[in-house]
Amino acid sequence: MFNNYPENWSVRYRDLNYVDIDPTVQHCQISIRPIIWSENLLAQARDFWEEANSYGLKYGWAQSCYDGNGVAGMLTLARSEEDLSDVELYCKNLAMIWLTQSVHLNMSRLLTSKLLPQKTEVYLSDRERSILHWTAQGKTSSEISEILNISERTVNFHITNASFKLGTNNKTAATIQAALLGLL
């Protein structure tokens, strides 16, 4: 399991084997349909969700993925503020499904070829990390420029630098690589 959730939550999730009671995992084991964190889902494991909420994990979307070898994966996108609207889900659904496939493909390659870095020597500036963090939150370069009060060109400059440092070809891959390396 690779994530950028709060460290204490990740440890607790692993140590208490929450994977066995997590309703999103249970859903994704039997369906390839995306699942939205909802009140119905919360009712299935209320204590689990209340604890997740205490770590800032309040709103989310999860999607399973299977490759040609039958290897399963699951991507969850979560945030602490602002519920997922129907309009947002409609507008971003295809991108989130594409991201699930892309992450699964690349994670499978990394794990099966044992290329997952054990230690990183990559240094990202605070600005590069901040921009990749907002990218991971689903923000566009334009939105990030407004949030950070810098030009969109400056945002793209930092994304290009971070991509170069991480050895990736685009901002999605850079964000994934930075998260895998624990830089976000």
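Residues numbered from 1 in each chain as written. Predicted model: local features only at pLDDT ≥ 70, side-chain atom pairs only at ≥ 80, totals over all residues. Heavy atoms only, no water.

Okay, the pattern of salt bridges next. Using the criterion set out here, one finds seven salt bridges in the structure. Salt-bridge contacts for Asp15 lead to Arg14; the nearest nitrogen and oxygen are separated by 3.3 Å. One salt bridge connects Glu128 with Lys165, and the closest N-O pair in it is separated by 2.9 Å. One end of the pair, Glu128, is in helix H6 (residues 126-136); the other, Lys165, is in helix H8 (residues 152-166), and 37 residues separate them in sequence. A relative accessible area of 3% places Glu128 in the buried class. Since its relative accessible area comes to 36%, Lys165 is described here as partly exposed. Within this structure, Arg79, Glu88 and Lys92 form a network of salt bridges that share partners. (Salt bridge = Lys/Arg side-chain N within 4 Å of Asp/Glu carboxyl O. Helix = DSSP H or I, 4+ residues; strand = E, 2+ residues; numbered from the N terminus. Buried < 20%, exposed > 50% of the residue type's maximum accessible area, 1.4 Å probe, protein only.)

Another aspect to go through is the side chain of Thr135. You can see Thr135 is positioned in helix H6. Taking relative accessible area as the criterion, Thr135 reaches 12% and is therefore assigned buried. Separated by 2.9 Å, the side chain of Thr135 and the backbone oxygen of Ile131 make a polar contact. If we ignore the near neighbours within four places in the chain, the residues touching Thr135 are Ile144, Ile159, Lys171 and Thr175. (Polar contact = N/O pair within 3.5 Å; in protein donor to acceptor, adjacent residues only side chain to side chain. Contact = heavy atoms within 4.5 Å.)

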